[in-house]
Amino acid sequence: MSNIMRKKYKIIKSYLSEEEYSQVVHASETTGLTISKFVKNVCLGTPLPNKDTTTFRLELLKVAADMGRLGGLLKMAISNGMEKRKVQPLLEEIQQRQKELKQIASKIQ
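Reference entry: report on the structure contained in this document. Residue indices follow the written sequence of each chain, beginning from 1 at its first position. The predicted nature of this model means local features are confined to residues of pLDDT at least 70 and side-chain atom pairs, given and counted, to a pLDDT of 80 or more, with totals for whole chains, interfaces and linings taken over all residues. By convention in this description, side-chain values take in all heavy atoms of the structure and omit both hydrogens and water.

**Re helix α5 (residues 84-107)**
Helix and strand labels come from DSSP, where a helix needs a run of H or I of at least four residues and a strand needs a run of E of at least two; each type is numbered from the N terminus. One fewer than the residue count of a helix, multiplied by 1.5 Å, yields its expected span. With 24 residues, α5 should reach 34 Å at 1.5 Å per residue; the first-to-last C-alpha distance of 34 Å fits that figure. Throughout, exposure labels follow a simple rule: accessible area from a 1.4 Å probe, protein chains only, divided by the maximum for the residue type, with under 20% read as buried, over 50% as exposed, and the rest as partly exposed. The set of residues buried in α5 consists of Val 87, Leu 91, Ile 94, Gln 98, Leu 101 and Ala 105. Only heavy atoms matter for contacts: two residues are in contact if any of them lie within 4.5 Å across the pair. On its buried side, α5 packs onto α4 (51-79).

Now the structure itself:
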């Protein structure tokens with residue numbers, strides 16, 4: 001570690017029992033943070049992310065993107081001769097569901 005790093009950051013030590021250490025490790029893993037970042041966030045009162053919630057939010061966004069690709073394929077089918085009147089209601093439904101999924105994903109913290 002360079003002298004610059006030592007001047008910039010301070011280290012805090014804490015002694016934990018095996019059980020306490022295991023609890024800290026488990027809690028940090030559920031947030032997806034390193035132990036250091038987890039302890040720092042807890043001590044400073046910074047809200048902790050939830051790894052499961054973050055994963056769920058990303059999955060919702062992936063589904064919305066998949067729906068967008070499906071809509072693109074339907075539009076391509078129209079340009080290749082499929083009747084627009086048969087596909088248009090489905091395209092509108094896909095767009096509406098995409099919008100709903102994105103709204104839900106934006107509310108998940």
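**So, a nonpolar patch on the surface**
Every patch collects residues that have over 30% relative accessible area and no salt bridge, joining them within 9 Å if they carry like charges and within 5 Å if they are nonpolar side chains (Val, Leu, Ile, Met, Phe, Trp, Tyr). Note on areas: these come from Shrake-Rupley sampling with a 1.4 Å probe, and a residue is covered only by the protein chains present in the view. Should a side-chain nitrogen of Lys or Arg be within 4 Å of a carboxyl oxygen of Asp or Glu, the pair is scored as a salt bridge. On the surface, Leu 70, Leu 73 and Met 76 cluster together into a nonpolar patch covering about 290 Å² of accessible area. Inspection of the secondary structure assignment puts Leu 70 in helix α4. Overall, Leu 70 belongs to the partly exposed group, its relative accessible area being 42%.

**What about helix α2 (residues 18-31)?**
End to end, α2 covers 20 Å across 14 residues, agreeing with the expected 20 Å (1.5 Å per residue, within 8%). Along α2, the residues classified as buried are Val 24, Val 25, Ser 28 and Thr 31. For α2, the arc enclosing every buried residue in end-on projection is 125°, short of the 170-degree limit, so these residues lie on one face. When the buried face of α2 is taken as reference, the exposed residues oriented beyond 90 degrees from it are Glu 18, Glu 19 and His 26. As for α2, its buried residues are in contact with α3 (35-44) and α4. What the arc covers is the set of directions going from the helix axis to the C-beta atoms.

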